[in-house]
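The lines below spell out each chain.
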Amino acid sequence: MTAMTEAETVPQAEPTQNSVQEAAASAAPEPAAHPLAGAEAASPPADAQESAQPPEPVHPVVEAPGKVAPAAPAEPWRRRALRALLYGSKVDRTVKARARVGLAILAFAVVYFIIAVRLIAFGIVSESRGGHRVGGGDAIATARPDILDRNGEVLATDVRVPSLYAEPRRLIDVDEAVELLTADLPDIDATELRERLSSKRGFVWLKRDITPEQQRAIYRQGLPGIGFLNENKRDYPSNNEASHILGHVNIDNQGIAGMEKWLDGHGLAALHMAGLATDRLQNPVELSVDLRVQHALRDELVAARTKFKALATAGIVLDVRTGEVVAMVSEPDYNPNNPHEALDPTRVNRLTTGVFEMGSTFKAFTIAMALDSGKVTLKSSFDARMPLRFGKFDIHDFHAQNRVLTVPEIFTYSSNIGAARAALAVGVEAHKAFLKKMGQLDRLRTELPESAEPIVPKRWGELNTITIAFGHGLSVAPLQAVMGTAALVNGGILIPPTFLKRSEAEAAALGKRVIKPETSEMMRYLMRLNVEKGTAEKAEVKGYYIGGKTGTADKVINGHYSKTKVLTDFMAVLPADKPRYVLLIMIDDPQVLPETHGFNTSGWNAVPVGGAVVARIAPLLRVEPRIDLPTADRLILASMKESR
C-alpha cells in the first residue's frame, strides 16, 4: 500500500461564498497547482516519489464553480497604430507623462504669475489710468503721451480731474439726490439727472470734469451711490498757438483731430485696448514745430487780419532741407481746451483742408518747367506786346509792359502772357507731367488726417495750360504748393513735408529729384531778383537775403470769378542764395487801405507781412544777418557762371 502525501491529510472543505471571493481576490504571480477532487489526486507520479526531497505543500485555490478565466483579447490594430503615433515606439510612457504634467504645471504658474503682477499693478496705480469700460457706454478718460515742440516745450499734456458718477441701484431716495445735486451743480439738467438716477444701470456718469470745490460740497452731502473718479483731461498750455497742428480730443480723451487723432491711429488706441496706455509706459511725442516761431508767425497774421480787415490769414514755415513744418498758422483758429469752437466753419485749417488757386506764385513752376526742359533759357524772350487771345478769351497782364519780355522780366513783372507762352512752348502733356512730378495733382498726405484733394481739370487742353501757367484753373492745398516751391530752390529734391522731427539723412532717403541742380540755381536767382526790383520789393529786410514770388488770384464766388475779392499770397525763400526755409503768407479778401493807394494785390499786403515775419523769426531760426550783400546778378548769377 502506497504512502500517503501530506496533501492527502488536509481535509477537503466545501467551497463557500466567502472562500470563492477570497480565492478570486488572491492572485499569485506564479501559477498555482489546480486542485482535483477525488482519489486520483492523491497518487503522485512515480518519478515524483523518487525525487530527493518531498514536494512543497500546495494549498488549494478554489474558484467559483463553472467560472473559467477568459484569455485577454487581442488589441485592435487601429488602437496600436494610434498609440504608436502619439507615444512612439519603445518610449518610457511614465517618464513622458511626468514631463507633460510638469510642463502643464509650469504653464499654469506663468499664467497665474502674470495675473498676480497685473493685480499688483492695479493696486499700486489706483483707479487705473488705462482706458477701460465701467459700464454700458461709459468710459473712463484714457491717458495720452505728452506732445512737445522741437525744443521740448510742452504743447499738450494730461492733468487729473474729478468726475461725478452714480450707481443707481444703490440710491435710497432719487428725489433727494436730484435736489441736493442740482443745488451744487446748477448747470446740470434736472430732468436728465433724474432720468439717469432712475435707471437700472450699475454705473452712469453725472458730470465730467467738476471743480474741487464742487467735489467737496457733494462729498459732504453723504449720498449713497454717488462717487468720484479721477480722470485724465487733456490740457493745452499754449491755448490757440498751435491748435490746427495739435487738434483736440473728446470727453473720453480720444483724439478726433490733428496730431491727437494721428496718435490714436498709430498705436495709442491699441495700447488703450490692452490696458497698457498708462502715463508710465508712454514716451513724449516730439514735433518739428518751434513754438517760438509759431507764436511770432501767429502774432503777425492776427495783426494783418485786423489791419486789412480780411476774412482770414494763414502762414507756413518749412525747412527746405528736411521737409519739417517749423510753424503753421491758420487764423481764425480755436482753443483746443474748448473744442466746441472747432465746429465753427470759419475756423478750419485752410492750409491742409482747403484748396485754392495760388495765383502768380504758380509762375515759379511754369518758369522752372521751361528752364528745366532745355527749350528756354534765362536769355529767352516772349512776345507780350498784345493780349494773348485764345478763342473768345483774352489773357492780359496786370503790370502790362506791352513789349517783348525776357524770362527774368516775365518773372519780375509777373507777366501772365509771358508765362502762358512759356508753358505752350513746352507743351500741354509736358506741363501736366511736370506738375504731377512736383506733387501738385495728387492729395498730399501728412501726419495730419485732415487733407484735401486738388481740383484738377477733367480734360486738360491748351486753354487749361494757359490759365494754370499763371495760377488759375488748378486748386491745390497751400502746403503742397510750399512743398513744390521748396524743391525749386533746395537743389531740385522734392521732400514730403512732416510735422515730426526728421534729420537731413532721413529726408534724403525720402526725397526724389524733380529738376536739375542748375535749374534750381536759376530759380534762386529769379526769386532774389524779384525782391530787389520786382513785385516783392516790400519784403526786403536789411541783412537778410530774401527771395520770393507774389500771387494774387481772383476768388470764385458762385461759380464766377469776382472782380473785387481776391486771395493774395507771398512765397518767400530765406536766404535766397543758400535756402534754408520757405515762408508762405496768405490773406483771404484783404481790403484796400489809404496806404495801399487803392490796391489789394499781394505786393501791398502779403509781401510786407512776409517781411515783418522774416524780421522776427530769422534770429529764432539762427539765420545770421549779413552786411552789404551784393545783388542777385553779382552773387547768385556770377556763382552760377563760375561753377560752369
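Bear in mind that the values here come from a model prediction, so they are computed numbers and not experimental data.

A. The arrangement of the overall build of the chain in detail. Scanning the chain from N- to C-terminus turns up 21 helices and 18 strands. Within the chain, the proportion of its 644 residues that are buried is 46%. Restricting to contacts in the chain with at least 6 residues of sequence separation, those with at least 24 account for 71%. Accessible surface, the chain as shown: approximately 34400 Å² in total, 56% of it carbon and sulfur.

B. Fine view of helix H14 (residues 416–426). The buried fraction of H14 is high, at eight of eleven residues. All of the buried residues along H14 are Asn-416, Ile-417, Gly-418, Ala-419, Ala-420, Ala-422, Ala-423 and Val-426. Between a side-chain oxygen at the N-terminus of H14 and the backbone nitrogen of Ile-417 the separation is 3.5 Å; the capping residue is Ser-415. Following H14 by one or two positions, Gly-427 adopts a phi angle in the positive range, close to 115 degrees.

C. Broad picture of the packing of aromatic side chains. As enumerated under the stated definition, the model contains four aromatic pairs in all. With a centroid separation of 5.2 Å and an interplanar angle of 85 degrees, the aromatic rings of Phe-203 and Trp-205 are classed as edge-to-face. Residues Phe-599 and Trp-604 carry aromatic rings whose centres are separated by 5.9 Å and whose planes lie at 10 degrees to one another, so their mutual orientation is stacked. Put simply, the rings of Tyr-165, Phe-203 and Trp-205 pair up and form one aromatic cluster. When the ring centre of Tyr-545 is taken as reference, the NZ or CZ atom of Arg-528 above it lies at 4.3 Å.

D. Quick look at helix H15 (residues 428–437). Turning to H15, its buried residues number three or more, namely Val-428, His-431, Phe-434 and Leu-435. Axial view of H15: buried residues confined to an arc of 130 degrees, hence all on one face. On its buried face, H15 sits against helix H12 (363–373) and helix H16 (462–469). Once H15 finishes, Gly-439 follows within two positions and takes phi at roughly 80 degrees, a positive value.

E. Layout of the sheet that holds strand S9 (residues 325–331). Read across the sheet, five strands follow the order S9-S8-S18-S17-S16 without closing on themselves; strand pairing throughout is antiparallel. Edge positions in the sheet fall to S9 and strand S16 (547–557), since each has one partner strand and no second. Strand after strand, the sheet turns through a mean of 15 degrees between neighbouring axes, direction not considered. Two elements, strand S8 (residues 312–319) and strand S18 (residues 581–588), share eight bridges in a ladder whose sense is antiparallel. Looking at the pairing, Ala-314 lines up with Met-586 of S18. Of the strands in this sheet, S8, S9 and S18 are in contact with helix H11 (residues 291–307), which crosses S9 at around 25 degrees. Across the sheet, helix H17 (residues 478–489) touches S8, S9, strand S17 (560–574) and S18, and the angle it forms with S18 is around 145 degrees.

F. Fine view of a nonpolar patch on the surface. A cluster of nonpolar side chains, namely Leu-103, Leu-106, Val-110, Phe-113, Ile-114 and Val-117, defines an oily patch on the protein surface of about 600 Å² accessible area. With respect to the element layout, Ile-114 can be found in helix H5 (residues 93–124).

G. Expanded view of the pattern of salt bridges. One pass over the full model with this rule turns up 31 salt bridges. Note that Lys-307 is salt-bridged to Glu-595, the shortest N-O span being 3.1 Å. You can see Lys-307 sitting in helix H11 and its partner Glu-595 sitting in the loop between S18 and helix H20 (606–620), a full 288 residues away along the chain. Here Lys-307 falls in the partly exposed class, since its relative accessible area comes to 40%.

H. Layout of the nonpolar core. Judged by nonpolar contacts, the single largest core of 92 residues is most densely connected at Leu-287, Leu-378, Leu-435, Tyr-525 and Leu-526. A total of eight residues in this core trace back to one element, the largest contributor, which is H17. Leave out the neighbours within four places in its chain, and Leu-526 touches Ile-367, Leu-371, Leu-378, Val-407, Pro-408 and Phe-411. Membership of the second largest hydrophobic core comes to 34 residues, among which are Val-317, Val-326, Val-329 and Ala-606.

I. Looking closely at the environment of Trp-262. Structurally, the position occupied by Trp-262 is in helix H10 (residues 258–274). Since its relative accessible area comes to 18%, Trp-262 is described here as buried. As for Trp-262 and Thr-446, which are separated by 184 residues in sequence, their C-alpha atoms are 9.7 Å apart. When neighbours within four sequence positions are excluded, Trp-262 is seen to be in contact with Glu-447 and Leu-500.

J. Up close: the pairing of strand S6 (residues 226–235). Counting buried residues along S6, seven of its ten residues qualify, which places the element largely inside the surrounding structure. Where strand S4 (residues 154–166) and S6 come together, ten bridges link them in antiparallel fashion. Bridge pairing links Val-161 to Glu-231 in S6.

K. Structural detail: the packing of H11 against H20. At a minimum axis separation of 9 Å, H11 and H20 run at an interaxial angle of 160 degrees. Judged by the inter-axis angle, H11 sits roughly antiparallel to H20. Note on packing geometry: the crossing formed by H11 with H20 is right-handed. Between H11 and H20, the contacting residues are Arg-292, Val-293, His-295, Ala-296, Leu-297, Asp-299, Glu-300, Leu-301 and Ala-304 on the first element and Val-609, Ala-612, Val-613, Arg-616, Ile-617 and Leu-620 on the second. Taken together, the residues that form the contact of H11 with H20 break down as ten nonpolar, one polar and four charged.

L. Representation of the side chain of Glu-231. As for its placement among the helices and strands, Glu-231 is situated in strand S6. At 2.5 Å, the side chain of Glu-231 forms a polar contact with the side chain of Ser-163. At a separation of 2.7 Å, a polar atom in the side chain of Glu-231 contacts the side chain of Arg-208.

M. Quick look at the packing of helix H6 (residues 174–184) against helix H8 (residues 212–221). At a minimum axis separation of 10 Å, H6 and H8 run at an interaxial angle of 155 degrees. For the element pair H6 / H8, the angle class is roughly antiparallel. In the crossing of H6 with H8, the sense of the turn from one axis to the other is right-handed. Side by side, H6 and H8 meet where Leu-180, Leu-181 and Asp-184 of the first sit next to Gln-214, Ala-217, Ile-218 and Gln-221 of the second. A per-class count over the contact of H6 with H8 returns four nonpolar, two polar and one charged.

N. Broad picture of the confidence of the model for the chain. On average, residues of the chain carry a pLDDT of 84, and 80% of them reach 70 or more. Counted against residues more than four places away or in other chains, residues 125–137, with its pLDDT under 50, gives 28 contacts.

About the criteria used
Position numbers for residues start from 1 in each chain and track the written sequence from start to end. Totals for whole chains, interfaces and linings use every residue, but because this is a predicted model, local features are given only for residues with pLDDT of at least 70 and side-chain atom pairs only at 80 or more, for both listing and counting. Based on all heavy atoms of the structure, the side-chain values leave hydrogens and waters out of the count. Numbering of helices and strands runs from the N terminus; a helix is a DSSP stretch of H or I covering at least four residues, while a strand is a stretch of E covering at least two. For every residue, the accessible area obtained with a 1.4 Å probe (protein chains only) is divided by the maximum for its type, and the residue is called buried under 20%, exposed over 50%, and partly exposed between those limits. When checking whether two residues touch, look at their non-hydrogen atoms; a contact exists if any pair is within 4.5 Å. Exposure was quantified through the Shrake-Rupley algorithm and a 1.4 Å probe, taking into account, for residues, occlusion by the shown protein chains and nothing else. Between N or O atoms, a polar contact is any pair within 3.5 Å; within protein, one atom must be a potential hydrogen donor and the other a potential acceptor, and residues adjacent in sequence are included only when both atoms are from side chains. Centres within 6.5 Å are what make two rings of Phe, Tyr or Trp a pair, Trp counting through its six-membered ring; a difference in plane orientation under 30 degrees is then read as stacked, over 60 as edge-to-face, and the rest as tilted. Over a ring means this: the NZ of a Lys or the CZ of an Arg is within 6 Å of the ring centre and within 35 degrees of the ring normal. What the arc covers is the set of directions going from the helix axis to the C-beta atoms. Two strands qualify as a pair provided that DSSP identifies no fewer than 2 bridges between them. Fitting a line to C-alpha atoms yields each axis, with helices limited to the stretch in contact; the angle taken between N-to-C directions then spans 0 to 180 degrees. Each patch is built from residues that are more than 30% exposed by relative accessible area and take part in no salt bridge. Like charges join if they lie within 9 Å; nonpolar side chains (Val, Leu, Ile, Met, Phe, Trp, Tyr) join within 5 Å. One speaks of a salt bridge when a side-chain nitrogen belonging to Lys or Arg is within 4 Å of a carboxyl oxygen belonging to Asp or Glu. To qualify as a nonpolar core, a set must consist of buried Ala, Val, Leu, Ile, Met, Phe, Trp, Tyr and Cys residues joined through side-chain atoms within 4.5 Å. Should an angle fall under 35 degrees it is taken as roughly parallel, and over 145 as roughly antiparallel, whereas 65 to 115 is taken as roughly perpendicular and any remaining angle as oblique. What makes a crossing left-handed is the near helix being turned counterclockwise from the far one by less than a right angle; a clockwise turn instead makes it right-handed. For this scheme, ten residues count as nonpolar: Ala, Val, Leu, Ile, Met, Phe, Trp, Tyr, Cys and Pro. Four count as charged, namely Asp, Glu, Lys and Arg, and the remainder, Gly too, count as polar. Looking at any residue, its pLDDT shows the predictor's confidence there, from 0 to 100.

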